[in-house]
Amino acid sequence: MHLDDQDLTHIRTGALFVACSVDPLWCHEQADRALAHMTSSGARPKLVPIEQLPDDALIATIGFVNNGLPLSELRPPGDEFVQSVRILEHALERRVDGIIPLAAANVNALVPMLAGMQLDVPVVDADPQGRVFPRLHQTVFTLAGMRAGPVAVTGPIGESALLTVETPRHAERLVSALAGEFGGWAATAMYPMQASDLRQHGLHGTVSRLLRIGRVLDSAEPTEHKYDLLRRSEGITRIFRARVVDIAGLSRPSAHGEPDRPSSAILIEEDEGRIIQLEIQNELLMVLVDGVIEAAMPDIITMLHPDAASVASLEDLWVGNVLDIVVMAGAPRWYEADGLALVGPEAHQMMPSGMLNRGNR
Amino acid sequence: MSRSFANARLRDLIEAHALRRLTAVEADPDRSVVRSIVVITEIDDIRAAGPDSMLLLTPALARGGWMISVALRYAWERHAGALVVPEQSFADAVIELAKRLNITLLTTEREIVPLALDLSRHLGETGAGTLTRVQAFAGQLAGAADATEVLRLVSRELRGAEVQLEMRDAPGVAMFRSPAVPAEAPRSENRDRLTRVTARVSPPTTQPAEILAAYVPKHDEDNAQEVLQAAAPIVRALLAESRLDAFRTSLPTISIAALANSHAASELDEPTIELLVDRAHWAIHGPYAVVCIFAPNVEELGAVVHNHWFGGMADAPLISFSDGWLAFVEHAEGDGGEALRRALRTQFAPLAPLGVRLGVSSTCMGSEQSVDGMREAWLSARLAHAEAPLVTFEGIDAELLPRLVPREFATQILRSRFPSFMLDGSAASLAEAVTEFLEHQGSIASSSACLGIHRNTLQQRVRRAEQAGLELSDPAQVLPVHMLLRAAFGVGH
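Residues numbered from 1 in each chain as written. Chains lettered and ligands numbered in written order. Predicted model: local features only at pLDDT ≥ 70, side-chain atom pairs only at ≥ 80, totals over all residues. Heavy atoms only, no water.

### Side note on the overall build of chain A
Then, in step 1: Within chain A, the regular secondary structure consists of ten helices and 16 strands.
Then, in step 2: Looking at chain A as a whole, 61% of its 361 residues are labelled buried.
Then, in step 3: Taking all contacts inside chain A whose residues are at least 6 apart in sequence as the whole, residues at least 24 apart take part in 72%.
Then, in step 4: In the structure as shown, chain A presents an accessible area of about 13,200 Å², 50% of it carried by carbon and sulfur atoms. (Helix = DSSP H or I, 4+ residues; strand = E, 2+ residues; numbered from the N terminus. Buried < 20%, exposed > 50% of the residue type's maximum accessible area, 1.4 Å probe, protein only. Contact = heavy atoms within 4.5 Å. Areas by Shrake-Rupley, 256 points an atom, 1.4 Å probe, with all protein chains shown as cover.)

### Notes on the sheet that holds strand 14 (residues 357-360) of chain B
All names here are of chain B.
Then, in step 1: What the five strands build is an open sheet, ordered 12-13-11-14-15; its pairing is mixed. With one partner strand each, in any of the chains shown, strand 12 (319-321) and strand 15 (390-392) form the two edges of the open sheet. Within this sheet the neighbouring strands show an average axis-to-axis angle of 20°, counted without direction.
Then, in step 2: Across four bridges, the pairing between strand 11 (residues 288-294) and strand 14 is antiparallel. In the sheet register, Ile 293 faces strand 14, and the bridge partner there is Leu 358.
Then, in step 3: Along the sheet, helix 8 (residues 298-312) makes contact with strand 11 and strand 13 (324-330), crossing strand 13 at roughly 15°.
Then, in step 4: Against the sheet, helix 9 (residues 338-348) touches strand 11, strand 13, strand 14 and strand 15, its axis set at about 165° to strand 15. (Pairing = 2+ DSSP bridges. Axes fitted to C-alpha atoms, helices over the stretch in contact; angles between N-to-C directions.)

### Some words on the pairing of strand 13 (residues 283-289) of chain A
In summary, the side chains of a regular strand alternate between the two faces of the sheet.
Residue and element names in this part refer to chain A.
Then, in step 1: Of all seven residues in strand 13, seven are buried; the element is thus mostly enclosed.
Then, in step 2: Pairing between strand 12 (residues 275-281) and strand 13: six bridges, direction antiparallel. Opposite Ile 280, over in strand 13, you have Leu 284 as the bridge partner.
Then, in step 3: Count of turn residues in the strand 12/strand 13 antiparallel hairpin: one residue, of which Asn 282 carries a positive phi of about 70°.
Then, in step 4: Taken together, strand 13 and the strand that follows it, strand 14 (residues 292-296), pair antiparallel across an intervening segment of two residues, in which Asp 290 is found at a positive phi of about 50°.

Given below as structure tokens:
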């Protein structure tokens, strides 16, 4: 299906909802670049299910990777992913037939929309994370034992590199280091694979889910109606309406190699007065209610403004503000033992996943 | 995870080891007890901690407010009493959570493991001290003369706590009770805030069971359990001895009653109680009263009744019969038996819930009145009930008499209440006239016609009976008088 302006706006809303990012500005800017390209070129992003591609079609995963610091002020010029994909094609000596986002959330959900139009390839309705994790190796491809490389990277000022690397974990370290050298971020094209492999190991329908979520949230429906729709269609499990009462800049030691610094927010539930703690590290890692862990990675924890169910960001965590804390399950693959080891609480040096209250899931 | 077990007050541990209290949730650390010290090296270990434990989080675990919150929650679920973490700053919400969960949150600047060892040693010393003290206490109990003395010693050992011997079927109702407790001791009216600790006195096969019960603060629960366990065998032995003595004392009376084929005293038929009295050896020279005591289970309550009896009337022996006991108690000079009644009420009030009932005769003199006195006491005891466990003969309301009195007893009442009437040589004809007069609703014409006498004669007899003391003008007295007359003289329809 070809996406129009409205679809792109909805995908942006859905991408922000799933990610609850520190800085939504990049997501908005990426959507604006795609919309501008649509206007200037008349092109439309093409979103296709994997079934529409032949088994031997070459699929690349593209997305921004940063170096663990807040995103740079160096804004992307717009052709960085074209350059990375071309480098990857050159290394593989064949053209890419389709692209997927590194994460179907936040800015990376919008990256293939622009790049797909620029490269004239479809965006496959799939991704390897089903949400956003802070590291590029935290993918279902890693769980499947697939190679991350070769990896093509392009920086803010056009510098580029091709990394001949095997394991995703090693690729993460190299790309993260390069992103620092480039100026804060790197536009990466990686995980080259055949469509048959993506069909077997990828998380499918994750981009179209953003479209569905965005349509609901951008509608004029009352907040509670929107929540009902999301409960039914997207599996939202819990919503806590709470008022922010305290922000702690550092609630725990920073884990080595983790992006950004950890922090914590304390809220008081509006109805029952329960104490809600949010543990934050680039994303919302964990929700505690009166000391009980109600949700933690890989659960998707996000926030909405209660008045119109518009997506909130971490910047909305100011004392006195009332927010709806929304919890929904991540992809089922992440709740298997190896998935939890890769992206669960222990992976974030937090606690054994057995502590998590998943009784009502 | 590592742990140790014993028992100590939380306050003692806090003060002895310089722990800094962050929460004021524990209103009374004296009441909080710590039974075990648990060092948590992995967070899942918290789930294995027991009630009243003190949890110590290692620095690796106590990272950040969220982990403290989780630990507080687990501590609450496990009924742990306190959580100790390395010194750090906390969000207000964490302290608020500790308050809500009623977990005492403590911090320390010491290394966790050495601190845990010190705390464990403290607990161990406390436990050893308890055992030694209980052993010494058991030695003291061995010299006690009776069950009451044992309860007094147990109460003293438990800082004046209320201690009593109860039937399992009637928890909270004392058969024996420790003597008055000091003012600062836990009071019985505060039982709701105290913990009831019990130890079985009777052998496991005996029903109904007797148990020792003490009402102590929660922190003293374990100590009280040890003390009661030490006292229970001695109480059992003393009770058995007391029952044996009571049985031995009453053997001659029992034999006489058996020979006389006496019925149960609480049945409707009056017992042949004359045989209980040895008039040849009558030893009471002044005014006296007869006391009758009924109990639903004479064998079980014998020792208890004897104990309470001797607590107030030690000079007067109890005479046992099938359903209770009789006693002849000489009045204190000039008090008309008031001291006796007061003493009985005080001594036996605790036994009322167990079904013990008392009756007290009017004042008697000499052996001749002893049988009447016994009847009065027996009747009074029969009229006693849960709300009035002690009834004196003088206190029997007149309206109760008609349904209760046998003929001889009715005569006795008339002699007692209306002596002038009964001394009148024409008492029988006067009674006949009055009875007919009352049964005809005060109609002179019909009653005189029924008796076959002139109406003036009937009027004269009725007036004479009134002059002799019969109260025919008082509606409340009319029916009892009528019934008494009928019972005593067998007149009327």
